[in-house]
Amino acid sequence: MKLVDEFRDVAVARRLVEDIQQRATRRWVLMEVCGGQTHSLLRNGIDAALADVVELIHGPGCPVCVTPAEDIDLACQLAQQPEVILSSFGDMLRVPGNAGSLLDAKTRGADVRMVYSPLDAVALAQREPQRQIIFFAVGFETTAPTTALAVLQAERLGLKNFSLIVSHVRVLPAMELLMQASDNRVQGFLAAGHVCTVTGFAAYDDFVGEFHVPVAVTGFEPVDLLVGIRDCVMQLESGRVEATNCYGRSVRRSGNAEAQRVIEQAYAISDGPWRGFGIVPRGVLRLRPELQRFDATQRFGVIESRPCLFNECRAPDVLSGRIKPPDCRHFGASCVPETPLGAPMVSSEGACAAYYRYGGHTATAPLAAK
Ligand code: SF4
């Protein structure tokens, strides 16, 4: 645990907080892109400790939160087919679409199963040749390689009873969209370390050049995050911006070549919907034409989708950093983790869940407690 413990050292973290406070001549607005970063920032009291010099706003990097309701509806409808076993990650089963969640479909008799990996779904297809196994694939570049491996393995095995609903998304196009918004307030980014482990961070050079904001790639421990925040603040104070890697134990400039190779083998980049963002140019991954026979929408026929009916959930504003979760009137009242009204309260990476869990406890957070 040594490698992790040193990045949780409270004394080191406190020194970093003091260093950032001394360097900042004004209050800067930074966005942490990933929900895992949000949870760590709140759990450790970093947002409160730096409140005078840095406003942290929360970005769109929660995979189940940005999965379109229409894709969930499609999954629920396909799950009702008698020959189908619908599988996905645990969080995804609880996110509501227009007509409930996959767990609701399960209570109505659908065969819905949680798996830990798309490769588990391939194994299920081998064990149950008389059933049609669909894996509902969500997530960023972090999970896209495993889904790619699964479909390539299904092809190698010649499986005719395995298919995918592909709802994978790409982070950088959403960051571009945020910067182009007329009401954008973000002055710097903490980029998600696990995504950059796959993609590398060289791709951020053009982004920094176009929008003139610093991008610091960070991990998820308190010291990782504070080093990234300090890096952004130093850049903003100096007026010189660049993409920097503050997560050197995991991220390389060019990323993971093998993961990039399987992504390219399985998917094509496309314009497509993000929940709360609308159509994001070049923002989604779709199966390549030669793998279309593994696309569940092709195998079972496209099912008509509808716009989201529950429009009082302010997930679009939360995911784009326009509001904080407590600004939503349902937060902590009609929307709690046990009975969530929107994806950000469901997911272990959702900002609403983070505020519900840690928002009222800043006094006991490691960096707040003396
Ligand atoms: S508190 Fe609930 S209803 Fe409000 S934005 Fe978050 S998930 Fe949506």
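A quick note: this is a predicted structure, and the numbers were derived from the prediction, not measured.

Peer 1: Where do I start with the domain arrangement of the protein in this structure?
Peer 2: Note: interface size is frequently given as the accessible area lost on complex formation between the parts. The assigned domain composition of the protein is domain 1 (2-61 + 171-245) and domain 2 (69-168 + 256-300). Placing the centre of domain 1 and that of domain 2 at their C-alpha centroids yields a distance of 31 Å. Each partner contributes residues to the interface: domain 1 has 13 residues there, and domain 2 has 15 residues. Of the roughly 1,100 Å² buried at the junction of domain 1 and domain 2 (both faces included), carbon and sulfur atoms supply 74%.

Peer 1: Help me out: how do you make sense of helix α8 (residues 118-127) in this one?
Peer 2: An α-helix turns once per 3.6 residues; consequently, residues spaced three or four apart project the same way. Within α8, the full set of buried residues consists of P118, A121, V122, L124 and A125. End-on view of α8: buried residues confined to an arc of 155 degrees, all on one side of the axis. Where α8 is buried, its residues meet β3 (84-88), β4 (112-114), β5 (132-139), α9 (144-157) and β6 (162-168). The N-terminus of α8 is capped by S117, whose side-chain oxygen sits 3.0 Å from the backbone nitrogen of L119.

Peer 1: Sorry, what's going on with helix α18 (residues 351-358) here?
Peer 2: Counted residue by residue, α18 has six buried out of eight residues, so it is predominantly covered. Looking only at α18, the buried set comprises A351, C352, A353, A354, Y355 and Y358. Check the buried side of α18 and you find it contacts α3 (35-43), β2 (54-61), α16 (315-319) and α17 (343-346).

Peer 1: Teacher, can you tell me more about the pairing of strand β10 (residues 267-274) here?
Peer 2: Side-chain direction in a regular strand flips from residue to residue, so the side chains alternate between the two faces of the sheet. Note: β10 against strand β11 (residues 278-287), seven bridges, orientation antiparallel. Along β11, the bridge assignment pairs I269 with L285. The antiparallel pairing of β10 with β11 creates a hairpin that spans three residues between the two strands, and G276 there sits at a positive phi of about 90 degrees.

Peer 1: Which parts of the structure should I look at to understand the site of the ligand?
Peer 2: Lining the immediate surroundings of the ligand are C313, R314, A315, C328, H330, F331, C335, L341, G342, P344, M345 and C352. Considering only residue class, the shell around the ligand consists of nine nonpolar, two polar and one charged.

Conventions and cut-offs
Residues numbered from 1 in each chain as written. Predicted model: local features only at pLDDT ≥ 70, side-chain atom pairs only at ≥ 80, totals over all residues. Heavy atoms only, no water. Domains from an automatic or database assignment. Contact = heavy atoms within 4.5 Å. Buried area = accessible area lost by both parts, 1.4 Å probe. Buried < 20%, exposed > 50% of the residue type's maximum accessible area, 1.4 Å probe, protein only. Helix = DSSP H or I, 4+ residues; strand = E, 2+ residues; numbered from the N terminus. Arc of directions from axis to C-beta. Polar contact = N/O pair within 3.5 Å; in protein donor to acceptor, adjacent residues only side chain to side chain. Pairing = 2+ DSSP bridges. Near = heavy atom within 4 Å. Nonpolar A, V, L, I, M, F, W, Y, C, P; charged D, E, K, R; others polar.

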